[in-house]
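Report on the structure
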Amino acid sequence: MYTSSYLTYSSIGSTIHRKCIIAIKHKVPLLISSYTHKHPSYLTYSSRLISTSKRINSNNDQNKNPLTPKQKQLIDCMIRIDQAGEIGANYIYKGQLAVLGSDEKISPVIKEMWEQEKLHLKTFDEIMPRFRVRPTILRPIWEALGFILGAGTAMMGKEAAMACTEAVETTIGEHYNDQLRDLLSIEHEDIDELRKIIKQFRDDELQHLDTAVDLDAKKAPFYGPLTAIIHHGCKAAIWITGRF
Ligand SMILES: [Fe+2]
Ligand SMILES: [Fe+2]
């Protein structure tokens, strides 16, 4: 009885597994090719980043000169924070789009910034296991808070949503700059590649910041206190994620 039930479940399980594999094999390349056909620049940008992260991965496997424990601790902390920051950014844009998705002017801009955040997160997801970095245990909290922040400010209006983007991207841009300064003292092949990635992402975040300012972030209601709260909240999130 038990054996026959087990065999039935096992066969259902393997059928589902087979169907998932077939779906992934066929649907994912179609989706990617349709997106990259519409946005050829994304393909170049994406392959450049992915090849850099692959180079880090292969260098890290073969490197004969490992990082010191202190350097390793610094890099662990950096990558954990960066991955968590990109998770938060993804959920902020998701929250903004949930409210402003039907706005013809602002929705395409948010979607474009979100696409870049997806790629940032994907890159850190790929780097993380190779540097053997533990992800933050607070991921569900940053996802929820990111979404609430994005949706909440979007409900206050387009300008408030852009003020949120301005405050977040300012903090993240400063944070990436701090990391670039810390990485200057480490001479290591893997770290050179990591530095290139962080530099590219810093430039992307600063571009998002400029976009938000161009879209009237400074006309948001309660602009001063709103951006100050978000800025300090992001700083606190960075501090906590470095430890947990
Ligand atoms: Fe990002
Ligand atoms: Fe960004």
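Residues numbered from 1 in each chain as written. Chains lettered and ligands numbered in written order. Predicted model: local features only at pLDDT ≥ 70, side-chain atom pairs only at ≥ 80, totals over all residues.

**Let's talk about the packing of helix α3 (residues 69–100) against helix α6 (residues 158–183)**
It is the contact of α3 with α6, at a shortest axis distance of 12 Å, that shows an interaxial angle of 170°. As the angle between them shows, α3 and α6 are arranged roughly antiparallel. By crossing handedness, the relation of α3 to α6 is classed as left-handed. Judged by residue contacts, Leu-74, Met-78, Gly-85, Ala-89, Ile-92, Gln-96 and Leu-100 of α3 engage Lys-158, Ala-161, Cys-164, Val-168, Ile-172, Gln-179 and Asp-182 from α6. Across the contact of α3 with α6, the residue classes break down as nine nonpolar, three polar and two charged. (Axes fitted to C-alpha atoms, helices over the stretch in contact; angles between N-to-C directions. Helix = DSSP H or I, 4+ residues; strand = E, 2+ residues; numbered from the N terminus. Parallel < 35°, antiparallel > 145°, perpendicular 65-115°, else oblique. Left-handed = near helix turned anticlockwise from the far one by under 90°. Contact = placed C-beta atoms within 7 Å. Nonpolar A, V, L, I, M, F, W, Y, C, P; charged D, E, K, R; others polar.)

**Section: unusual backbone geometry**
Although it is not a glycine, Asp-216 sits at a positive phi angle of roughly 65°. If you trace the backbone, Asp-216 turns up in the loop between α7 (189–214) and α8 (223–243).

**Looking at α8**
Taking 1.5 Å of rise per residue, 21 residues should cover 30 Å, and α8 covers 31 Å from first to last C-alpha, within 8% of that figure. When α8 is considered as a whole, its buried residues turn out to be Leu-226, Thr-227, Ile-230, Cys-234, Ala-237, Ile-238 and Thr-241. Considered in projection along α8, the buried side chains sweep an arc of 105° and stay on one side of the axis. Away from its buried face by more than 90 degrees, α8 exposes Gly-224, Pro-225, Ala-228, His-232, Ala-236, Trp-239 and Arg-243. In the core, the buried residues of α8 are packed alongside α3, α5 (139–155) and α6. (Expected span 1.5 Å × (residues − 1). Buried ≥ 20, exposed ≤ 12 C-beta atoms within 10 Å, placed from the backbone. Arc of directions from axis to C-beta.)

**Describing α7**
Counted at 1.5 Å a residue, the expected span for α7 with its 26 residues is 38 Å, and the 38 Å between its end C-alpha atoms agrees. Looking one or two residues beyond α7, the residue adopting positive phi is Asp-216, at roughly 65°.

**Here's the deal with the UniProt feature "binding site: Fe cation 2" (unreviewed entry) in the chain**
What UniProt calls "binding site: Fe cation 2" (unreviewed entry) maps, in this numbering, to Glu-117, Glu-169, Glu-205 and His-208. Spanning 92 residues, the named residues form one tight spatial group whose C-alpha atoms are at most 11.3 Å apart. Looking at the element boundaries, Glu-117 is found in helix α4 (residues 107–130). Every residue in contact with Glu-117, bar those within four places of it in the chain, is listed here: Glu-86, Ala-89, Asn-90 and Tyr-93. Checked against the element boundaries, Glu-169 lands in helix α6. By the C-beta count within 10 Å, which is 26 here, Glu-169 ends up buried. Not counting chain neighbours up to four residues away, the residues in contact with Glu-169 comprise Glu-205, Leu-206, His-208, Leu-209 and Ala-212. (UniProt positions renumbered as here; feature names shortened; annotations may be inferred.)

**Considering the UniProt feature "binding site: Fe cation 1" (unreviewed entry) in the chain**
Within this numbering scheme, the UniProt entry marks Glu-86, Glu-117, His-120 and Glu-205 as carrying the feature "binding site: Fe cation 1" (unreviewed entry). Spanning 120 residues, the named residues nonetheless gather at one spot, since no C-alpha pair among them exceeds 10.4 Å. With respect to the helices and strands, the residue Glu-86 is situated in helix α3. Residue Glu-86 is classed as buried on the basis of its 24 C-beta neighbours within 10 Å. Sequence-distant contacts of Glu-86, defined by excluding residues within four places in its chain, comprise Glu-117, His-120, Leu-121 and Phe-124. Tracing the backbone through its elements, the reader meets Glu-205 in helix α7. Here Glu-205 falls in the buried class, since 27 other C-beta atoms lie within 10 Å of it. Once you skip the residues sitting within four places of it in the chain, Glu-205 turns out to touch Glu-169, Ile-172, Gly-173 and Tyr-176.

**Re the environment of Asp-216**
A tally of 14 C-beta atoms within 10 Å means that Asp-216 is categorised as partly exposed. Taking the C-alpha atoms as reference points, Asp-216 and Lys-158, 58 residues apart in sequence, are found 8.3 Å from one another. Asp-216 has contacts with Glu-159 and Met-162, leaving out every residue within four places of it along the chain.

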